[in-house]
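# Analysis of the macromolecular model
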Amino acid sequence: MYKQVVTALSFASLVFGQQVGTVTAETHPSLPIEVCTAPGSCTKESTTAVLDANWRWAHVTDGYTNCYTGSEWNATACPDGKTCAANCAIDGAEYEKTYGISTPEAGALRLNFITKNDNGANVGSRVYLMASESKYRMFNLLNKEFTMDVDVSNLPCGLNGAVYFSEMDEDGGMSRFEGNKAGAKYGTGYCDAQCPKDIKFINGEANVEGWGGSDGNSGTGNVGTCCAEMDIWEANLDATAYTPHPCSVTEQTKCEGVDCGDGDDRYAGVCDKDGCDFNSFRLGNQDFYGPAKTVDTSKPFTLVTQFHTADGTDTGALQSIKRFYVQDGTVIPNSETVVEGVDATNEITDEFCAQQKTAFGDNNYFKTQGGLAAMGKSLEKMVLVLSIWDDHAVSMNWLDSNFPTDADPTAPGVARGRCDPEAGLPETVEAAHPDAYVVYSNIKVGAIDSTYAASA
Ligand SMILES: *[C@@H]1O[C@H](CO)[C@@H](O)[C@H](O)[C@H]1NC(C)=O
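Residues numbered from 1 in each chain as written. Predicted model: local features only at pLDDT ≥ 70, side-chain atom pairs only at ≥ 80, totals over all residues. Heavy atoms only, no water.

### What about the state of the cysteines?
- Under the defined criterion, the tally for this structure stands at nine disulfides.
- Put simply, C157 and C419 are joined by a disulfide, and their sulfur atoms are 2.1 Å apart. Since a negative S-S torsion denotes a left-handed disulfide, the C157-C419 link at about -75 degrees is left-handed. Here C419 lies in the loop between α6 (397-400) and α7 (426-432) and C157 lies in the loop between β15 (144-151) and β16 (159-166), a separation of 262 residues in the sequence.
- Look at C157 and you get buried, because its relative accessible area is 16%.
- Assessed through its relative accessible area of 4%, C419 is described here as buried. (Disulfide = S-S within 2.5 Å. Helix = DSSP H or I, 4+ residues; strand = E, 2+ residues; numbered from the N terminus. Buried < 20%, exposed > 50% of the residue type's maximum accessible area, 1.4 Å probe, protein only.)

This is the structure:
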């Protein structure tokens, strides 16, 4: 993603912690995937999904008292980060009832935007794929492809149905950080290339110091959590981008100060926050993606993302990231770029990134952070993230509208989609589209050209 994900929670009573609570049993929804070696030659894996820790109810371990209310920590339970992690427990989740997360059919995951519940309303969610009760499913994507079906037909402007890989610890950080007793089973250990600071517990400690509420239902603390991120899919009905974000850190890493890359430090942090995005609209083809466009977003389709290495081996240097779509049995290659100064291409390479950054006047921090080669090293050990979110920072304008908002929309690189810049204001989109949702299904990973086919 381009800007920080804000965990938008409206629970007045929702609180957070890192011990394990026992009020609600944690039962991971089933989300099986397939692993393929050749077309038609796939084996099923009994994977499940787990809700991120930040969304969970937590309480002092020996009772029901909140550790965090509104956007403030309970100073008694949480005088500092270590004590807070020792005092507070995160609990199991009622996936559908509380968070609007369901599995409508085998191999499909539906994430609802807003879910009214006993506590008020939940906004958005983020889940990870699990290999077992306590371990995330690790992916090595080099010389492989990743394929899934998406239904964005009920995901309007201003929303983002995001599917991506983050370089998180397999156990959620439980073995590296003694303060973390909950682990992957409870969705701990998140990180991404925005080095988010809205995460309540990082490295087994609460993010208490410097915590300030941004808008009444979330906040940010002094520390962030950074790691490389490969955005397979950031999209809604009207816009889409796929984006590698390399980092100079090679595993989930807590950041403070300049390293987090906030504000004026954007091009001094440990991660490439901008990434090198391929957005068909931004790159000159405005008729490729959207309702009734070449890829018709009013109905489901398959998306394929391939990670090609220079030498064609699973350990080679990442050389290009290719995208295909499949809809109604037809394989649709990604759109070709039509931008002055950018050679016509439909894949991400270091050369494409350099040309795009120059053409759009953007800082090539992607290159500074090691470009595709660095991204490729991270791709050897990634965790799959599936989410739905709205954007409290910049209204998703970087994805589906004009951005920067005050720039001339006819200037190269500014227009990214057809959406009204106001449509993505959280209060607007939450009021106008509470029933929005996204469905992800038929997740497959495997050898190049093994997971999809055209059909007659
Ligand atoms: C804060 O936590 C303590 C227990 O650690 C509890 O006694 C107190 O009621 C809590 N305060 C609030 C405002 O929830």
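### Points about the site of the ligand
- Around the ligand, the surrounding shell consists of V60, T65, N74, T76 and A77.
- A distance of 2.3 Å is found between an oxygen atom of the ligand and a side-chain nitrogen or oxygen belonging to N74.
- Notes on the ligand: free accessible area 370 Å², of which the protein chains cover 43%.
- Partitioned by chemical class, the residues of the shell around the ligand number two nonpolar, three polar and no charged. (Near = heavy atom within 4 Å. Polar contact = N/O pair within 3.5 Å; in protein donor to acceptor, adjacent residues only side chain to side chain. Areas by Shrake-Rupley, 256 points an atom, 1.4 Å probe, with all protein chains shown as cover. Nonpolar A, V, L, I, M, F, W, Y, C, P; charged D, E, K, R; others polar.)

### Overview of the pairing of strand β12 (residues 120-123)
- Note: strand β11 (residues 114-117) against β12, four bridges, orientation antiparallel. Counterpart to I114 in the pairing with β12 is V123.
- Here β11 hands over to β12 after two residues, the two strands then running antiparallel side by side. (Pairing = 2+ DSSP bridges.)

### Some thoughts on the nonpolar core
- Ranked by size, the top nonpolar core spans 100 residues in total, and within it F146, M230, W233, L386 and Y440 carry the most contacts.
- Among the elements that make up this core, the one with the highest residue count is strand β31 (residues 382-390) (seven residues).
- Membership of the second largest hydrophobic core comes to 13 residues, among which are Y68, A77, C78 and C84. (Core = buried A, V, L, I, M, F, W, Y, C linked by side-chain atoms within 4.5 Å.)

### Notes on the environment of N180
- By secondary structure assignment, the location of N180 is in the loop between β16 and β17 (201-202).
- Linking N180 and V35, residues 145 residues apart in sequence, is a C-alpha distance of 31 Å.
- When neighbours within four sequence positions are excluded, N180 is seen to be in contact with Q18, G172, G173, M174, T188 and G204.
- Within the structure, the side chain of N180 is placed 3.1 Å from the backbone oxygen of G172, a separation counted as a polar contact.
- At 2.9 Å, the side chain of N180 and the backbone nitrogen of G183 are in polar contact. (Contact = heavy atoms within 4.5 Å.)

### Some words on the environment of Y365
- Tracing the backbone through its elements, the reader meets Y365 in helix α4 (residues 365-368).
- With relative accessibility at 6%, the residue Y365 sits in the buried group.
- With 119 residues separating them along the chain, Y365 and P246 place their C-alpha atoms 9.3 Å apart.
- Beyond its immediate chain neighbours, meaning those up to four positions away, Y365 contacts R266, Y267, A268, G269, C271 and D272.

### Some words on the side chain of N117
- With respect to the helices and strands, N117 occurs in strand β11.
- Judged by relative accessible area, which is 14%, N117 ranks as buried.
- At a separation of 2.8 Å, a polar atom in the side chain of N117 contacts the main-chain carbonyl oxygen of T98.

### Focus: the confidence of the model for the protein
- With 95% of its residues at a pLDDT of at least 70, the protein reaches an overall mean of 94.
- Scored below 50 in pLDDT, residues 1-16 shows 94 contacts in the model against residues more than four places distant or in partner chains. (pLDDT = per-residue confidence, 0-100.)

### A closer look at the packing of aromatic side chains
- Enumeration over the complete set of coordinates arrives at 21 aromatic pairs.
- Taken together through their ring pairs, the aromatic side chains of W233, F288, Y289, F301 and Y325 make up a single cluster.
- The ring of F139 has R137 lying over it, and the distance from NZ or CZ to the ring centre is 4.4 Å.
- The cationic tip of R323 hangs over the ring face of Y242; the distance from NZ or CZ to the ring centre is 4.7 Å. (Phe/Tyr/Trp six-rings, centres within 6.5 Å; stacked < 30°, edge-to-face > 60°. Lys NZ or Arg CZ within 6 Å of the ring centre and 35° of its normal.)

### Thoughts on unusual backbone geometry
- Between F403 and P404 the backbone carries a cis peptide bond, its omega angle lying at 0 degrees.
- By secondary structure assignment, the location of P404 is in the loop between α6 and α7.
- A positive phi is found at C195, a non-glycine position, where the angle reads about 50 degrees.
- Within the secondary structure, C195 is located in the loop between β16 and β17.
- The phi dihedral of M396 falls on the positive side, at around 65 degrees, and the residue is not glycine.
- With respect to the element layout, M396 can be found in the loop between β31 and α6.

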